[in-house]
Amino acid sequence: MNLEQLSQAIEEERKVCLEEIKEVDNIDKLNLFKGKHIGKKSLLTELFASMRNVDANDKKEYGKMLTSFREEVNSLFVNKEKELADKKLLEKINNEKVDITLPPYSLPLGSYHPLTLITEEMVSFFKGLGFEVASGPEVETERNNFELVNIPSDHPSRDMQDSFVVDKGIVLRSHTSAVQSRVMQSANGQSPIKIICPGKVYRRDSDATHSHQFEQMEGLVISSDATFANLLELLTKVLRHLFGEKREVRFRPSYFPFTEPSIEADISCFECNGKGCSLCKHTGWIEILGAGMVHPNVLRLNGYDDNKVQGFAFGIGIDRVAMLKYGIDDIKRFYLDDVRFLRQFKKE
Ligand code: PHE
């Protein structure tokens, strides 16, 4: 075969290929095309085989023509293959249309526990005033829970009826005041101390406003010049922050073994604005926390010189704040894990 004949043969085969590839509309037909025009039994392969009979001078040109035609047929094949793949993908996408009229599938979203919300609010308030957050164990020694905060062994709150005894000398802490002694002990007589400690406490107690488990926020400030006036101002601030700037705050003398003098704070009832209603038991006031100046015995018992430093402490019932703030009628709701109750609380 000379170059002229080859050129003709290629031209004819090209026409056939161009015609046939037009008809190819699926993968099977494409494979047939490949077998017929590129495969072992194709005219192309035959033409390559006939190279050996070609005149030596024409061999190079012959080879060139054939190679470039092979590339042409190959690209016909490759382009068609891509075209078919694209078509298939498009069909798939069209068939998989999302039905936006279906109701959405929503994942249940958790909410913050009301006690967590109140705790976080109080912690951020006190942190803003430079307090640090301290913590202590819920299973505590009688020494930390009672002795070191000046609660004598004949005090009623040491009675087995009132505190949960775990083992000899070990109780579930009955108040976060136990953390006072821990903090003072580990400060090794150094001051100032300015901490708060939120946490669970346990007492044998049960009615609508009392539970055997509840939460408190302890506060302790020890320094050379922490005064009773500072305490009153701080408590007024935190109570107004929690219950509204318009609340009146009233302090009454009280008694705690670890503070002297001791006080309790009331806020004017936010339900009736002090006129008297069932929430404030018709007194116009709601009792909210206990506090006082740290008793000299407590300072001494925990390694401080009561002539050099003084301080104050307070204990706020977190459950009580939450009950009042959210209008909750029974403290047990906090501990029943009823999602219908819990999901009503949202972080503001
Ligand atoms: N620990 C007291 C209680 O549980 C509260 C309190 C703390 C009072 C600190 C005064 C000072 O009732």
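The present account deals with the structure reproduced in this document. (Residues numbered from 1 in each chain as written. Predicted model: local features only at pLDDT ≥ 70, side-chain atom pairs only at ≥ 80, totals over all residues. Heavy atoms only, no water.)

**Concerning the overall build of the chain**
Step number 1: For the chain, the helix and strand inventory stands at 11 helices and 10 strands.
Step number 2: What you see for the chain is a C-alpha radius of gyration of 43 Å, clearly larger than the 20 Å of a compact globule of 348 residues, by over 25%.
Step number 3: Reported as C-alpha extents along the three principal axes, the dimensions of the chain are approximately 125 × 50 × 40 Å.
Step number 4: Residues counted as buried form 39% of the 348 residues belonging to the chain. (Helix = DSSP H or I, 4+ residues; strand = E, 2+ residues; numbered from the N terminus. Rg over C-alpha atoms; globule rule 2.2 N^0.38 Å. Buried < 20%, exposed > 50% of the residue type's maximum accessible area, 1.4 Å probe, protein only.)

**Overview of the packing of helix α2 (residues 27-37) against helix α4 (residues 59-95)**
Each pair of packed helices can be summarised by the angle the axes make with each other and by the distance between the axes.
Step number 1: The contact between α2 and α4 brings their axes to 11 Å, and the two run at 170 degrees. In terms of orientation, α2 and α4 fall into the roughly antiparallel class. Here α2 contributes Ile27, Leu30, Phe33, Lys34 and His37 to the contact with α4, which in turn contributes Val73, Leu76, Phe77, Lys80, Glu81 and Leu84.
Step number 2: Classifying every residue of the contact of α2 with α4 by side-chain character gives seven nonpolar, one polar and three charged. (Axes fitted to C-alpha atoms, helices over the stretch in contact; angles between N-to-C directions. Parallel < 35°, antiparallel > 145°, perpendicular 65-115°, else oblique. Contact = heavy atoms within 4.5 Å. Nonpolar A, V, L, I, M, F, W, Y, C, P; charged D, E, K, R; others polar.)

**Some words on the site of the ligand**
Step number 1: Close to the ligand lie 14 residues; His175, Ser177, Arg203, Gln216 and Phe258 are nearest.
Step number 2: One nitrogen or oxygen atom from the side chain of Gln216 is found 2.8 Å from an oxygen atom belonging to the ligand.
Step number 3: Only α7 (177-187), β6 (213-223), β9 (285-294) and β10 (310-317) provide two or more residues apiece to the shell around the ligand.
Step number 4: Per element, the largest residue contribution to the shell around the ligand is three residues, and it comes from β10. (Near = heavy atom within 4 Å. Polar contact = N/O pair within 3.5 Å; in protein donor to acceptor, adjacent residues only side chain to side chain.)

**Quick word on the environment of Ile288**
Step number 1: Positionally, Ile288 belongs in strand β9.
Step number 2: It is 20 Å that separates the C-alpha atoms of Ile288 and Gln180, two residues lying 108 residues apart in sequence.
Step number 3: Beyond its immediate stretch of four places on either side in the chain, Ile288 contacts Leu239, Phe243, Ala265, Asp266, Ile316, Gly317, Arg320 and Leu324.

**Regarding the nonpolar core**
Step number 1: Counting 48 residues, the largest nonpolar core has Leu239 and Phe314 as its most contacted members.
Step number 2: Apart from residues lying up to four places away in sequence, Phe314 is in contact with Phe126, Ile196, Met217, Glu218, Gly219, Leu231, Leu234, Leu235, Gly290 and Ala291. (Core = buried A, V, L, I, M, F, W, Y, C linked by side-chain atoms within 4.5 Å.)

**With respect to the side chain of Thr119**
Step number 1: Inspection of the secondary structure assignment puts Thr119 in helix α5 (residues 114-128).
Step number 2: Sequence-distant contacts of Thr119, defined by excluding residues within four places in its chain, comprise Pro198, Glu215, Met217 and Ile318.

**Quick notes on the sheet that holds strand β8 (residues 259-268)**
Sheet strands pair via backbone hydrogen bonds, and the direction of the pair is either parallel or antiparallel.
Step number 1: In space, the seven strands of this open sheet follow the order β1-β5-β6-β10-β9-β8-β7, with mixed pairing throughout. Strands with a single pairing partner mark the edges of an open sheet, and in this sheet they are β1 (132-133) and β7 (249-256).
Step number 2: Along the sheet face, α5 touches β1, β5 (193-202), β6 and β10 and points at about 5 degrees away from the line of β6. (Pairing = 2+ DSSP bridges.)

**Some remarks on the packing of aromatic side chains**
Step number 1: Taken as a whole, this structure holds nine aromatic pairs when the rule is applied.
Step number 2: Judged by centre distance (5.2 Å) and plane angle (70 degrees), the rings of Phe341 and Phe345 are edge-to-face. For the pair shown, Phe341 and Phe345 are each scored as buried. (Phe/Tyr/Trp six-rings, centres within 6.5 Å; stacked < 30°, edge-to-face > 60°.)

**Describing α5**
Step number 1: The end-to-end C-alpha distance of α5 is 21 Å, a good match for the 21 Å that 15 residues give at a rise of 1.5 Å each.
Step number 2: At the C-terminal side of α5, Gly130 shows a positive phi close to 90 degrees. (Expected span 1.5 Å × (residues − 1).)

**With respect to the pattern of salt bridges**
Step number 1: All chains considered together, the criterion is met by 21 salt bridges.
Step number 2: Between Arg250 and Asp266 there is a salt bridge; the shortest N-O distance is 2.9 Å. Residue Arg250 is found in strand β7, and its partner Asp266 is found in strand β8; the two are separated by 16 residues along the sequence.
Step number 3: For the salt bridge of Arg252 with Glu287, the shortest nitrogen-to-oxygen distance reads 3.9 Å. Placement of Arg252 in strand β7 and of Glu287 in strand β9 is noted, with a sequence separation of 35 residues between them.
Step number 4: The partly exposed category is assigned to Arg252, whose relative accessible area is 26%. (Salt bridge = Lys/Arg side-chain N within 4 Å of Asp/Glu carboxyl O.)

**Points about the sheet that holds strand β3 (residues 165-167)**
Step number 1: As summarised here, the arrangement of the three strands in space is β2-β4-β3, forming an open sheet in which the pairing is antiparallel. Because the sheet does not close on itself, it has two edges, and the strands there are β2 (139-141) and β3. Strand-to-strand twist in this sheet, taken as the mean axis angle between neighbours without regard to direction, amounts to 40 degrees.
Step number 2: Bridge analysis of β2 against strand β4 (residues 170-172) gives three bridges, and the strand direction is antiparallel. Bridge pairing links Thr141 to Ile170 in β4.

**Points about α2**
Step number 1: Along α2, the residues that are buried comprise Leu30, Phe33 and His37. Buried residues of α2, seen end-on, are gathered within an arc of 55 degrees and therefore sit on one face of the element. Facing away from the buried side of α2 by more than 90 degrees, the exposed set consists of Asp28 and Leu32.
Step number 2: As for α2, its buried residues are in contact with α1 (3-23), α3 (43-49) and α4.
Step number 3: Two or three places before Asp28, at the start of α2, stands the capping residue Asn26, its side-chain oxygen 3.1 Å from that residue's backbone nitrogen. (Arc of directions from axis to C-beta.)

So far we have only geometry, and geometry alone does not tell us how the molecule works.
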